[in-house]
Amino acid sequence: METVWVETREEFEALAAEWDEAVIASGSHNPFVLAEFLMTWWRHAAAGRALRIWTLRDRGQLVAGIPLCREPIWRRRTFVHIGGAAANLTHGFSLRPELHVVERLMEALAHRRDWNQLVLPRVLVTTALAAEAQQIAGRRQNRSIVCAVSAAGTNGLIDLTKGYEVVMAHLPSRLRRYLRRGAREAQRLGPLELQRVGGSEAVRRLFDEHRIYSTQSCATRNRRSAFEDDQQAQFFRDLVGRFEAKGRLEARKLSAGPTTLAISFAYRCGPGAKWILTSFNPTYASWRPGHLLIEALVREAIRQGDPVFDMYYGGELLYKRQWCTTHVPLVRVTLLCNTSLNRVWYGVEQQLRINPRLRCVVHSAQRLVGGIARSRKVQTIMGPREIEDSVL
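It should be emphasised that the depicted structure is a prediction, and the values quoted were computed from it without experimental measurement. (Residues numbered from 1 in each chain as written. Predicted model: local features only at pLDDT ≥ 70, side-chain atom pairs only at ≥ 80, totals over all residues. Heavy atoms only, no water.)

### Digging into the packing of aromatic side chains
Per the stated rule, a full pass over the model turns up 17 aromatic pairs. Taken together, a centroid distance of 5.0 Å and an interplanar angle of 85° make the contact between W19 and F93 edge-to-face. Note that W19 is positioned in helix α1 (residues 9-26) and F93 in strand β7 (residues 93-94), a separation of 74 residues in sequence. Note on W19: relative accessible area 0%, which makes it buried. Exposure remark for F93: the relative accessible area of 3% places this residue in the buried category. The aromatic ring of Y178 is capped on one face by R288, whose charged end is 4.0 Å from the ring centroid. Over the aromatic face of Y164 sits the side chain of R299, whose NZ or CZ is 4.1 Å from the ring centroid. (Phe/Tyr/Trp six-rings, centres within 6.5 Å; stacked < 30°, edge-to-face > 60°. Helix = DSSP H or I, 4+ residues; strand = E, 2+ residues; numbered from the N terminus. Buried < 20%, exposed > 50% of the residue type's maximum accessible area, 1.4 Å probe, protein only. Lys NZ or Arg CZ within 6 Å of the ring centre and 35° of its normal.)

Quick look at the structure:
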């Protein structure tokens, strides 16, 4: 087995076809490790970062990989998954569970001097990486690198295998009443129709409409849309167009007659749709257009024979608690250089994660001094959880 670090964009572009073949062969069904996602994000967010893509080869064959980059977080040299918060899942890929990816990654990191910690914030507990990390973290560690694992919320799924009626029966009775009432009101404008939008340029135009609705709906609640940030918007606009060109996107619009009620974007990688972006027309907010959209998407997914509708992380959000029938735990995997300072920093970061008040105080201090906030401008690219929460 041989570890190879890929540290330039040109090196990864030369590797991209082989990389995607290995990702698909691994069965991970994780769109956030596909080369198109990684390189699109890198084009928009490379400033202040350095590529550190870890690969493992067995007699020349690419058998495992974790797409990493180095960035300063709290002045700590941190390796993180490429894509930041826009990557809903951060567990890389491996062709075989017996490769012991975490052990081999730790061995490779032991020879580097350009890092303090490595963080994979959203790893499905069902993956081999999570199982191995938990096993390592659970035993006594007397080594130069320490592995720590902590809870990181849940990944929400709608099981479609039992049919539409079962999905709807899972919903609270009040939400079912809202759906019936909203559908009746919407049909005054014309018949409800879920339309598929195809072609890269048409998809990008739909994204522009999505951005307007996201901004307007947030403004009605005195909140700021993630898409008011031009960098954020340009990244996703570029990404949906590129995924559409690769046949890996489902862009849909729910309309009542000529009027757009809601918009949805989902990735296609493995079984079922992977939902990433959604917005609704705030003019008709009282009709619950976001929920009408989900109901229409569920109907269409069942018609297509999809076994599952993946709503990704943020399972504690109300609408995901209402719709999702399954919640798969996520864990945060951290590898630390075993020094006293790094252990202290890790403890501080854990407290910030679990204590909202402390986190608010620290963010206020950052805005006051200004320097840290400016140095991390690129990190304003948000993930689907924050975006969905802002519009549904």
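### Quick look at the pattern of salt bridges
Counting across every chain of the model gives 27 salt bridges. E36 serves as the salt-bridge partner of R43, at 3.9 Å between the closest nitrogen and oxygen. Since its relative accessible area comes to 32%, R43 is described here as partly exposed. In this structure, D208 and R237 form a salt bridge, with 2.9 Å as the shortest nitrogen-oxygen distance. Taken together, the residues span a long stretch of sequence, with D208 in helix α7 (residues 200-219) and R237 in helix α8 (residues 230-245) at a distance of 29 residues. The class for R237 is partly exposed, based on a relative accessible area of 24%. (Salt bridge = Lys/Arg side-chain N within 4 Å of Asp/Glu carboxyl O.)

### Quick look at the sheet that holds strand β12 (residues 259-268)
In spatial order, the strands read β2-β5-β6-β8-β15-β9-β14-β13-β12-β11-β10; together these 11 strands make up an open sheet with mixed pairing. The open sheet has two free edges, formed respectively by β2 (50-51) and β10 (192-197), since each of these has just one partner strand. By the bridge criterion, 5 bridges tie strand β9 (residues 145-159) to strand β14 (residues 308-313) in an arrangement that is antiparallel. The residue bridging L157 from the neighbouring strand is D310, located in β14. Contacts between α7 and the sheet are confined to β10, β11 (249-256), β12 and β13 (273-280), with β12 contributing the most and set at about 115° to the helix. (Pairing = 2+ DSSP bridges. Contact = heavy atoms within 4.5 Å. Axes fitted to C-alpha atoms, helices over the stretch in contact; angles between N-to-C directions.)

### As for the side chain of T78
Mapped onto the secondary structure, T78 falls in strand β6 (residues 76-81). According to the relative accessible area criterion, T78 is buried, its value standing at 0%. Engagement of the side chain of T78 in a polar contact is seen with the side chain of Q117, the distance being 3.0 Å. For T78, the residues in contact, after removing those within four places along its chain, are C69, R70, E71, I73, Q117 and V119. (Polar contact = N/O pair within 3.5 Å; in protein donor to acceptor, adjacent residues only side chain to side chain.)

### Structural notes on helix α4 (residues 128-137)
Here α4 has its buried residues at L129, A130, E132, A133 and I136. Seen end-on, α4 carries its buried residues on one side only, within an arc spanning 165°. Buried-residue contacts for α4 involve β4 (61-66), α3 (101-109), β8 (117-124), β9 and β15 (326-337). (Arc of directions from axis to C-beta.)

### Here's the deal with the nonpolar core
F12, W19, F37, F236, F265 and Y267 are the most contacted members of the largest nonpolar core, which totals 57 residues. Residues within four places of F12 in sequence aside, it is in contact with V6, W19, A35, L38, M39 and I53. Within the second largest apolar cluster, 29 residues are counted, among which are L56, I136, V331 and V333. (Core = buried A, V, L, I, M, F, W, Y, C linked by side-chain atoms within 4.5 Å.)

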